[in-house]
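# Coordinate analysis (summary)
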Amino acid sequence: MKIRRISAYRVDLPLHEGSYKWSGGKSVSVFDSTIVAIETDQGLTGHGEVCPLGPFYLPAYANGARTGIAELGPYLLGEDPRQIDRLNRRMDAALQGHPYVKSAIDMACWDLLGQACGLPVCLLLGGRYGDDFVLYRAISQEAPEAMARRVAGYRAEGYRRFQLKVGGDPDVDIARIRAVAAELQPGDRLVADANTGWLMHDALRVVRGVRDVDVYIEQPCRSYEECLTVRRHCDHPFVLDENVDSLELLLRAHGDRAMDVVNIKISKFGGLTRARQARDLCVSMGIAMTIEDSWGGDIITAAIAHLAHSTPTEFLFTSTDFNSYVTVSTAEGAPRRVNGRMAASEEPGLGVSPRMDVLGEPVLVIE
């Protein structure tokens, strides 16, 4: 099997709730997603997706993804997409760094491998644990009372895990955490995610101010060293996200006892291949994980579902259903939330079929 054509499509994904806000006054109302189609000489086509949250979040942006794919694609024509590790080495040799550029290509190759084998990707990634898996809901940054009011509505949709967007004024963030925590019921879990938004002294004030609250603290500061300082003064379970983007950082963080949970974002590591490596290493080291990506629609949600469903249940802290946040559906067969939980498709590959009337004409074709 050989790659004969690589196409990329640009799709806007507006949000149901109008906007998504997090630390530092950052907000997005429409996500710019790139969907990749890889066609082979045997008639199979695999699909992947990458949707950066924006250049102000991680070193990744939507136009950069498409520019990088245009740069990388010609080196992949004629390659066998089923030989995924070999293909990743080829991508690394052709383009240094830029893992997010490679993510949708790697994802599409897993889709092709599953189709070629007649198996769902989750089985190829290690198995299928249980009937489904647990999801969280992100609570966009607002006034404390408004964020607290969101909890009841999300719980009615089945969510029992809530990721509260903080990382602003420490006094307001303490009020946000306390207001939302007051709405929790037995079995609920609360994560206060600062998305790198606090300085160390602000983060230390917040963790001291909510010492009596059952809450996880996620990525309080920008640098790993700052987060480690906060961790060493914190009684709460601790989550790292933005800083952990490689196996080297994951090993360092484990050695420093820097976190209890780590967020594995598929595009941050460069695709399902490297995210699976990180996942398996976490299982070996006894670290729980959130399995997700930066953002996306139906295809990314399908990829998340396969990686999450193939993760041993006790190590999967939570996952997410990005396609429920947006108003546009880009593919048929994508997994859907049911009572706050989700399951990977049992169809071959990712189990999705893009809606070509939504994708429109490709913005990039390499052949």
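Before reading on, note that the structure itself is shown above.
These numbers come from a predicted model, not from an experiment.

### Let's talk about the packing of helix α5 (residues 144-156) against helix α6 (residues 170-181)
Following both chains from N to C, one finds α5 and α6 inclined at 25°, their axes separated by 8 Å at the closest point. Accordingly, the angle class assigned to the pair α5 and α6 is roughly parallel. For the pair α5 and α6, the sense of crossing is right-handed. Contact residues: α5 offers P144, M147, A148 and V151, while α6 offers V172, A175, R176, A179 and V180.

### Quick word on the sheet that holds strand β1 (residues 3-14)
Note on sheets: strands pair through backbone hydrogen bonds, and any given pair is parallel or antiparallel. Judged by pairing direction, the sheet is antiparallel, and its 4 strands sit side by side in the order β5-β4-β1-β18 without closing on themselves. Of all the strands in the sheet, just β5 (45-50) and β18 (364-366) have a single pairing partner and so form its edges. Neighbour-to-neighbour, the strand axes of the sheet open up by a mean angle of 20°, direction not taken into account. Against the sheet, helix α1 (residues 62-72) engages β1, β4 (30-40), β5 and β18, with an angle of about 20° to β4.

### Observations concerning helix α8 (residues 224-231)
Those residues of α8 lying buried are Y224, C227, L228, V230 and R231. Buried residues of α8 fall within an arc of 160° about the axis and therefore sit on the same side. Looking at the packing, one finds that the buried side of α8 touches α7 (200-209), β11 (238-240) and α9 (247-255).

### Some details on the state of the cysteines
With the rule as written, the count across this model stands at 0 disulfides. For the unlinked cysteine C227, the closest cysteine sulfur is that of C221, found at 5.1 Å. On the accessibility criterion, C227 (1% relative accessible area) is buried.

### Examining the pattern of salt bridges
Applying the stated rule across the entire model yields 34 salt bridges. Residue R337 is joined to E157 by a salt bridge in which the shortest nitrogen-to-oxygen separation is 3.7 Å. In this pair, R337 sits in the loop between β15 (331-332) and β16 (341-342) while E157 sits in the loop between α5 and β8 (161-165), placing the two residues 180 residues apart along the sequence. Linking R205 and D171 is a salt bridge whose minimum nitrogen-to-oxygen distance equals 2.6 Å. With R205 in helix α7 and D171 in helix α6, the pair connects residues that are 34 residues apart, well separated along the chain. Since its relative accessible area comes to 39%, R205 is described here as partly exposed. On the basis of relative accessibility, which here comes to 44%, the residue D171 falls in the partly exposed class. Taken together, the salt bridges that share partners define one network made up of R4, R5, E39 and E367.

### Here we look at the sheet that holds strand β10 (residues 216-218)
The 8 strands lie next to each other as β7-β8-β9-β10-β11-β12-β13-β14, forming an open sheet whose pairing is parallel. In this open sheet, the two edge strands, each paired with only one partner strand, are β7 (137-139) and β14 (316-319). When the angles between neighbouring strand axes are averaged without regard to direction, this sheet yields 25°.

### What to know about the nonpolar core
I38, I177, L240, V262, I264, L272 and W295 are the most contacted members of the largest nonpolar core, which has 117 residues in total. Counting residues per element, this core draws most heavily on helix α3 (residues 99-117), at 10 residues. Leaving out residues up to four positions away in the same chain, I264 has contacts with F269, A275, A278, C282, M289, T290, I291 and E292. Among the nonpolar cores identified, the runner-up in size contains 6 residues, and V191, Y216, V261 and A288 belong to it.

### Thoughts on the pairing of β1
Relative to β4, β1 runs antiparallel, the two being bridged by 11 bridges. Paired with R5 across the two strands is E39, which belongs to β4. Sheet analysis places β1 next to β18, joined by 3 bridges and oriented antiparallel. For I6, the partnering residue across the bridge sits in β18 and is I366.

About the criteria used
- Residues numbered from 1 in each chain as written.
- Predicted model: local features only at pLDDT ≥ 70, side-chain atom pairs only at ≥ 80, totals over all residues.
- Heavy atoms only, no water.
- Axes fitted to C-alpha atoms, helices over the stretch in contact; angles between N-to-C directions.
- Helix = DSSP H or I, 4+ residues; strand = E, 2+ residues; numbered from the N terminus.
- Parallel < 35°, antiparallel > 145°, perpendicular 65-115°, else oblique.
- Left-handed = near helix turned anticlockwise from the far one by under 90°.
- Contact = heavy atoms within 4.5 Å.
- Pairing = 2+ DSSP bridges.
- Buried < 20%, exposed > 50% of the residue type's maximum accessible area, 1.4 Å probe, protein only.
- Arc of directions from axis to C-beta.
- Disulfide = S-S within 2.5 Å.
- Salt bridge = Lys/Arg side-chain N within 4 Å of Asp/Glu carboxyl O.
- Core = buried A, V, L, I, M, F, W, Y, C linked by side-chain atoms within 4.5 Å.

In short, the description is geometric, and any link to function would need to be established separately.
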